[in-house]
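Residue-level structure breakdown
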Amino acid sequence: MAFADQVHLAGDSATYRVNPAVKKYTLSDLNFKKTKLQNYELTQALQPLNVKGKGAVQVKLSISADLQQLKLAILTGSGLQTVNIFTGDQFAAAREQYHFLMQNLIIRQVLTKN
């Protein structure tokens, strides 16, 4: 998946962009890690630590080194396949955690929501 100016996950009603006011130190405060290519990456589980196997999902958000573009995906616990958490009741807790995380990133001026 390539970096884009805005991202939209299948099933989600929101579209996200990098906030022009984002600061590198804010990304560090929010546990974003620098990759070898100097991009910023956040990987966070969307369920309690005791959930493993099929039910485990994680969100992976990457922001380019110039803080202009981003990538967003929801993956299985192993990080190998994408998951659509917006269908069915199986992922209700994961949806709630996802929305909480995204709202926190909006409040901290990392992302904007369209």
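For the structure given in this document, a descriptive report is provided here. (Residues numbered from 1 in each chain as written. Predicted model: local features only at pLDDT ≥ 70, side-chain atom pairs only at ≥ 80, totals over all residues. Heavy atoms only, no water.)

1. Notes on the nonpolar core
Among the nonpolar cores identified, the biggest contains 30 residues, and Phe32 and Tyr98 are the most heavily contacted of them. Among the secondary structure elements, those contributing two or more residues to this core are β2 (16-18), β4 (40-45), β5 (57-63), β6 (70-76) and α2 (92-107). For this core, the element with the most residues is α2, which contributes five residues. The residues touching Tyr98, leaving out its near neighbours within four places in the chain, are Leu9, Asp12, Tyr16, Leu46, Val59, Leu72, Ile74, Ile85 and Phe86. (Core = buried A, V, L, I, M, F, W, Y, C linked by side-chain atoms within 4.5 Å. Buried < 20%, exposed > 50% of the residue type's maximum accessible area, 1.4 Å probe, protein only. Helix = DSSP H or I, 4+ residues; strand = E, 2+ residues; numbered from the N terminus. Contact = heavy atoms within 4.5 Å.)

2. Thoughts on the side chain of Gln58
Tracing the chain through its elements places Gln58 in strand β5. Its relative accessible area of 16% is what places Gln58 among the buried residues. At 3.5 Å, the side chain of Gln58 and the backbone oxygen of Thr76 are in polar contact. Sequence-distant contacts of Gln58, defined by excluding residues within four places in its chain, comprise Thr43, Gln44, Ala45, Leu46, Ala73, Ile74, Leu75, Thr76, Gly77, Ser78 and Gly79. (Polar contact = N/O pair within 3.5 Å; in protein donor to acceptor, adjacent residues only side chain to side chain.)

3. Points about unusual backbone geometry
Phi at Leu67 is positive, roughly 60°, even though this residue is not glycine. You can see Leu67 is positioned in the loop between β5 and β6. Residue Leu67 is classed as buried on the basis of its relative accessible area of 13%. In this model, Gln109 sits at a positive phi of 60°, which is unusual for a non-glycine residue. Positionally, Gln109 belongs in the loop between α2 and β7 (111-113).

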